Amino acid sequence: MFIRRTQTRSSATGERYFTYRLVRAERIQNKVRQVTLVNLGRHFAVDQTLWPALCQRIEALTTGQSYLLEPDLPMAASAEAERIAAQLLARTSAASSLSVASSSTKQGEHTDVQAVDVNSLELVRPRSVGVEQMGLWAMQQIGLIDLLIELGVSGPLRAGIVGSIIGRMASPGSEAATHRWLGSQSALGELLDVDYERMPLMTLYRASDALMKHQAVIERVLYDRVHDLFGLETTVTLYDLTNTYFEGVAAANPKAKHGRSKEKRHDCPLVTLGLVLDGSGFVRRSETFAGNAAEGQTLAHMLGNLGAPAGALVVMDAGIATDANLFWLREQGYRYLVVSRERARQFELEAAIPIETATGSALHIQRVEDSDHQEVRLYCYSEQRAQKEQSIHQRFCERFEASLKSIADGLSKPRTEKRIDKLNERIGRLKERSRGISQHYVIELIADETGKQAIALRWSKQPQPNSRLTHPGVYCLRTNETSWDSERLWRTYIMLTDLEAVFRSLKSELGLRPVYHHKEHRVDGHLFITVLAYQLVQIIRRQLQTRGIKARWRSLRDTLSVQQRVTASFRCADGRTLHVRKATRPEPELAAIYQALSLDPLPGGVIKTYV
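Since the model is a prediction, treat every value here as computed from it, not as a measurement.

**Overview of the packing of aromatic side chains**
Using the criterion set out here, one finds 8 aromatic pairs in the structure. Considering the side-chain rings of Y20 and F44, the 5.8 Å spacing of their centres and the 45° angle between planes classify their relative orientation as tilted. Here Y20 is found in strand β2 (residues 16-28), whereas its partner F44 is found in the loop between β3 (31-41) and α1 (51-63), with 24 residues between them in sequence. A relative accessible area of 14% places Y20 in the buried class. The class of F44 is buried, set by a relative accessible area of 9%. Three or more aromatic residues joined by ring pairs make a cluster, and in this case those are Y20, F44 and W51. If you follow R265 out to its NZ or CZ, it ends over the ring of Y245, 4.6 Å from the centre. Taking the ring centre of F230 as reference, the NZ or CZ of R542 above it sits at 5.1 Å.

**So, a positive patch on the surface**
Taken together, R260, K264, R395, R399 and R435 make up a surface patch of like positive charges. Mapped onto the elements, R260 comes out in the loop between β6 (236-245) and β7 (270-278).

**Notes on the pairing of strand β8 (residues 283-290)**
Counting buried positions along β8 gives 6 out of 8 residues, so the element sits mostly inside the fold. In this sheet, β8 lies alongside β7 in antiparallel orientation, the contact comprising 7 bridges. Following the sheet pairing, G274 is matched in β8 by E287. Connecting the antiparallel pair β7 and β8 is a turn made up of 4 residues, with G281 showing a positive phi of about 95°.

Each value, and the rule that gives it
Residues numbered from 1 in each chain as written. Predicted model: local features only at pLDDT ≥ 70, side-chain atom pairs only at ≥ 80, totals over all residues. Heavy atoms only, no water. Phe/Tyr/Trp six-rings, centres within 6.5 Å; stacked < 30°, edge-to-face > 60°. Helix = DSSP H or I, 4+ residues; strand = E, 2+ residues; numbered from the N terminus. Buried < 20%, exposed > 50% of the residue type's maximum accessible area, 1.4 Å probe, protein only. Lys NZ or Arg CZ within 6 Å of the ring centre and 35° of its normal. Patch = residues over 30% accessible without salt bridge, like charges linked within 9 Å, V, L, I, M, F, W, Y side chains within 5 Å. Areas by Shrake-Rupley, 256 points an atom, 1.4 Å probe, with all protein chains shown as cover. Salt bridge = Lys/Arg side-chain N within 4 Å of Asp/Glu carboxyl O. Lys, Arg positive; Asp, Glu negative; His and termini not counted. Charge placed at Lys NZ, Arg CZ, Asp CG, Glu CD. Pairing = 2+ DSSP bridges.

Next up, the structure:
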């Protein structure tokens, strides 16, 4: 076999260009013909001086023969030889051109006994297949690929979209990392009949752009299909914001702003992601905002065109529950259940009712009716939360008092600062860093006769009434849903903690952070791909939960990632080489998952090729 450079013309534009083909000379009816085995395309990048060695390597891989002097190829050329050889073995047309008898069989269909040289066994091209099959199954459940076809997305971009989303589920990272994973580690291309090894990286970027073009339609249609699939109720709506950070300054992105980083990356610019979810944890709408966006100013924009049913209950935390937002919700006919922004804490144990949480711990709820505002306030006391807050407060108090003692001790030492104005500045900076603990202390500097030098520093701890020191473990919920009992309201609010779990999954399990893009639309696309991957993960987890398999995605992914597709090559007794490509047998835990979802335990089937 050899590589031939051929000039051809584009039928669409008339443009002339060169293409490259792997061909083989065969005698057909007393004539020698050049038969094309593989079209290598116009962007074949292997240097011409390496073509003979490349062909020799391909021949060795397909026939199982070894040479006395193995061809010396660079790593990139060796990888290309592996790819072309796998393509030859996988194509029935190529196999027939090589006088190969190929067949695909299902496990247990019939027995095929061959005499082979066991010592010639080689296992090549391992590729992961477990997460890939599961991701495609989840896409089929909601018809994502069919939706992309309806939206007019081209075949290459559809392949890029599917690869990007499943790559985010299996191996979270940047688009460049996903491109490497698709080409060198994943068998997704085999399941879709797509050659990801030759797909340009730019295709994944353009796939992201195509998703953003149809974001509103995709979110609406997919949620409607998820709603029908699981019979979800839309009476509860959860809303919250999170942010993630950029690698680099991202100066060209207007959304890249410094703000309060929830990952403590205050040194990096941020971008904010807002999510609207239903009570089951499925995303109804997502949008990105500037990294310094005020939480309270995003609610009306996100819920304005949501189409939630009349009287839907909106659950959100204190950062978004401003008086203006609550007024807007009432005007729009929404009910709300929020964490109150009031700072004063109050609680009367005698007026509270006890309930038991999901973890078995005790919680006490005091219900207070507010007839003036037609609201209910729930003052909740948790013993576990009280212990945690007391521990935190004690640590802050000890740190604050130690700093005060350091200042006081310095007043009795030579060459230390004693000027009252400078000491007041130092105490002011100390209060600024005290996390609010300083309000519970009375501090006094004792001056000398001149009134300019301090001779002593005194302080006393005097906790403010109705504060976190006097009422640890207390928080207040506020709602205009007055017909529900206290326990039902509290358990509905706890759904908001599930939203925090969603954000943790997006960041730690699905690669939301960090963001490497600098262009605004590419950043939006990166975050939207992560949201779509989360939707598929939720479908998988919910279906498995109904069948008694309860696990986080990280654990499920670890179980799925063990299964690989590999090619086993043998030399047969008749001199031919047998190549068998199939998936490894699933481990018992993985087999249980496949059985629960009625999935093929050997994704991709079995392909046998004789050369």
